[in-house]
Amino acid sequence: MTLSIYNTLTRHKEPFATIEPDKVTMYCCGVTVYDDCHLGHARSYIAWDVLRRYLQWRGYTVRYVQNFTDIDDKILNRARAEGATMQAVSDRYIDAYFRDIQRLNILDASEYPRVTEHIPDIHALIQGLVEKGYAYATDGDVYYNVEQFGDYGKLSGRQLEQMQAGAGGRVDPNDPDRKKRNSSDFALWKSAKPDEPAWESPWGMGRPGWHIECSAMIWARLGETIDIHGGGGDLVFPHHENEIAQSEALTGQPLARYWMHNGMVTVGGEKMSKSLGNFTTIQALLDGQWPDYPQPVAPMAIRLFVLQAHYRKPLDFTPMAIAAAEKGWHTLNSALTAELPSHELSGNTLEAESVQRFQAAMDDDLNTAAALAVLFELAKSIQREVNRRTHQSTRQLSDPQLITTWQTLSQLASVLGLEAQPESTASSPDSSLDLDVAWVETLLHQRQAARQEKHYAESDRIRDELQAAGITVVDLPGGKAEWHRS
RNA sequence: GUCUGGGUAGCCAAGUGGUAAGGCGUUGGUCUGCAAAACCAAAAAUCGUGGGUUCGAUUCCCACCCUGGACUCCA
C-alpha cells in the first residue's frame, strides 16, 4: 500500500515519495506569539502531529521544524499596551503554547526556531534576491518584485491581473505612503520606526517582513527543498505563495514537494479567528471556562473532535459536537483502560485485518474519520467481551485474542495520539471541589445499611444528597457501590 | 469580480458507477429495589435542486441554489 497525500500545489492526491529514502523533512508554520492559542490552532497542530506520528509509524524518520514568529506588529502592540518588551511578550506566549499543546498530547517538533535567531539568514536571503533582481530597496525598506517571478500564483491558482488589491478590506491600495512599485509586492525588510526593536542590516536598521522568516528558516535548517510544508488553509495566499516566490527565485529549486493545508475551525459557519473575536482558547476549553459548555473538556475528547472530521474540511465548533466527542472518548477510554488478563500471554501480536483497514484509511490522505471507525469497532469488541466475562461469566474470545484486540486498539490509538487517561483524573483535581472523602464514605455506609434493610427511600435520599454535592454513586453487583465526581 | 472548498439520517461525519462506514442522540430489551453504567437489539438517509452521459449515479459532466475560505492580520 502507498501513502497518498493531497497536494495543494497540484490539487490532487499524489503518491508520497520522499527526497531521501525513509526520511521526511517537514515544516509547518507556527504561531505568532502575542496571545493564547485557540481551538483553530489546536486543530492545525493536532493534524500535523497525527501526520508526523503516522509517518513515523510507517517507518519514516521525521525531522519536523515549526517556527515561532516572535517579531510582529501585534506582539509590538501588545508589548506597548503592557509597557513590556517584545521579547517578554513572546516568551510568555511561547510558554503558553507549550503548556496548551502538551496537554493535548501533541509531540514536540524536532526544532522550534524563532525569527530572532535567524536574522543573518534572512539578510543573506534578501541580499541574494536583490542581487538576482527579484527585490529592490527603497528608503530602508526592501520589497519583493512579484512581476519578476514567472511562477507567482502557482500555489493559490491566482493571476496577478485578476486579483483585486484591497478586496480584503484591510489595505488601501492607494495609500500615498507606499513605496512599492506594484501593489502585489511585499516587504522583505521594513525600516525601523522610532521605539521599535530593530536589527542592523545592509539597508539600515529594521526588521524582517512576515513571509521571509519561513523561507529563511527552511533554507537554513532543512535545505533548498523539503518533503512537506504544512499550514492553515488561510495561509495559502499570500503567505505560502510568497514563501515560494522568495525561496524558489533564490535557489531555483522547488521549496516543497507536498503542500498540505488544514481546513478552518468555524463557529456558526464562520471561521474562528482573533479578529472576529469568536474564538475559544485551548486553555478555556480544557479548564471548563467556555461559557457554552462550562465543564472541563478531556484533552483527548478535543483530539477526537478534531480527528472525526477530515483535516482539509471545515470543522464547526458547537457544544453538541464537543459533548458527542466527550462521549465518544469515554467509549474508547473505557476499552483502553479495561481490566484484562495478564498481558504476558501474547507477545506483541496485532489484529492484521484491523491494522490493514486502519492503514488503508490513513494512507488515503489521512482519513482519520475512517481510521477512527476501526478503533471504535475494536473498542466495542473489547467492551462486549469484558462485559460478558464480568456479568455473564461467559466468553467468546480467548485471553490471547482479547489481549491482541486490546494491543491493536492501543497501538492504533497512539498513532492518532489518543492515549488512555484514568477516568477519575479525567476531570482533574479541581480545588473548587475539595471533597471530604470521609464524609462521602460515611454517607455511603449509611446508604448501604439502608439498602440492606430495604429502606429505599432513605438510600435514594442519600444518593440525591451526594449527587447535589457533585458525587455520582454507582451501585455494583453484590451490594457494593462506587462513586466519582459528576 | 477572481481563485478555491463544502452541501450525505435528529446532530456530527466517512465513502462508493450497482441504493451508503463510524460517532453522538433516540426507541425496545437484559441487568438493577429504582437509577446510572455496561451489554444486546431496533428504527432512522429517495446522499442540495434541475438536466445530461450510462444498462444503472449519491458517486462522472453541465447549469442553478445555498454556504465556507482567500484576495497582503490569520492555524
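Residues numbered from 1 in each chain as written. Chains lettered and ligands numbered in written order. Predicted model: local features only at pLDDT ≥ 70, side-chain atom pairs only at ≥ 80, totals over all residues. Heavy atoms only, no water.

Thoughts on the sheet that holds strand β10 (residues 256-262)
Spatially, β4-β3-β9-β10 is the arrangement adopted by the four strands of the open sheet, whose pairing is parallel. Among the strands making up the open sheet, the edge pair consists of β4 (61-66) and β10. Here the average twist between neighbouring strands, direction ignored, is 20°. Bridge analysis of strand β3 (residues 23-28) against β4 gives six bridges, and the strand direction is parallel. (Pairing = 2+ DSSP bridges. Helix = DSSP H or I, 4+ residues; strand = E, 2+ residues; numbered from the N terminus. Axes fitted to C-alpha atoms, helices over the stretch in contact; angles between N-to-C directions.)

Concerning the domain arrangement of chain A
Here chain A is described as being made up of domain 1 (4-265), domain 2 (295-426) and domain 3 (431-485). In this structure, domain 1 and domain 3 have C-alpha centres spaced 57 Å apart. (Domains from an automatic or database assignment.)

A word on the packing of aromatic side chains
The full count for this structure, using the stated rule, is 21 aromatic pairs. Each ring, one from phenylalanine 16 and one from tyrosine 258, has its centre 5.1 Å from the other, and the planes form 50°; the classification is tilted. Here the residue phenylalanine 16 occupies a position in the loop between β2 (12-15) and β3, and tyrosine 258 occupies one in strand β10, the gap between them amounting to 242 residues. Tyrosine 258 matches phenylalanine 16 in its accessibility class, with the two residues each being buried. Measuring from centroid to centroid gives 5.3 Å for phenylalanine 68 and tyrosine 97, while their planes differ by 85°, and the two rings are edge-to-face. One end of the pair, phenylalanine 68, is in the loop between β4 and α2 (73-82); the other, tyrosine 97, is in helix α3 (residues 86-103), and 29 residues separate them in sequence. Tyrosine 97 shares its class with phenylalanine 68; the two are buried. (Phe/Tyr/Trp six-rings, centres within 6.5 Å; stacked < 30°, edge-to-face > 60°. Buried < 20%, exposed > 50% of the residue type's maximum accessible area, 1.4 Å probe, protein only.)

Details of empty space enclosed by the protein
Under the counting rule described, the total for this entry stands at one cavity of 30 Å³ or more. Here the largest cavity defines a volume of roughly 80 Å³. As for the largest cavity, its lining consists of Arg43, Ala47, Val50, Val306, Leu307, Ala309, Tyr311, Leu366 and Thr368. Secondary structure elements with two or more residues in the lining of the largest cavity: α1 (39-57) and α8 (299-307). Examining the composition of the lining of the largest cavity, we find that three residues originate from one element, α1, more than from any other. (1 Å grid on protein atoms, 1.4 Å probe; cavity = no way out; pocket = protein on both sides within 12 Å on 5 of 7 lines; lining within 4 Å. Points joined across faces, edges and corners; volume = space filled by probe spheres on them.)

Details of helix α4 (residues 119-131)
Over its 13 residues, α4 runs 18 Å from end to end, which matches the ideal 18 Å to within 8%, given 1.5 Å per residue. Three or more residues of α4 are buried, namely Ile119, Ile122, His123, Leu125, Ile126, Gly128 and Leu129. Residues of α4 that are buried sit in contact with β5 (135-138), β6 (141-144), β7 (186-191), β8 (206-208), α5 (212-221) and α6 (236-251). Positive phi appears at glycine 133, one or two residues downstream of α4, with a value of about 85°. (Expected span 1.5 Å × (residues − 1). Contact = heavy atoms within 4.5 Å.)

Thoughts on the nonpolar core
Judged by nonpolar contacts, the single largest core of 129 residues is most densely connected at Met26, Leu55, Tyr144, Ile228, Phe358, Leu375 and Leu418. Looking at this core, the element that brings in the most residues is α1, giving 10 residues. Summarising the domain contributions, this core has at least three residues from each of domain 1 (4-265) and domain 2 (295-426). Leucine 418 has contacts with Met300, Arg303, Leu304, Trp329, Leu332, Leu372, Leu375 and Ala413, leaving out every residue within four places of it along the chain. Formed by seven residues, the second largest nonpolar core is a distinct cluster that contains Leu443, Leu444, Ile462 and Val473. (Core = buried A, V, L, I, M, F, W, Y, C linked by side-chain atoms within 4.5 Å.)

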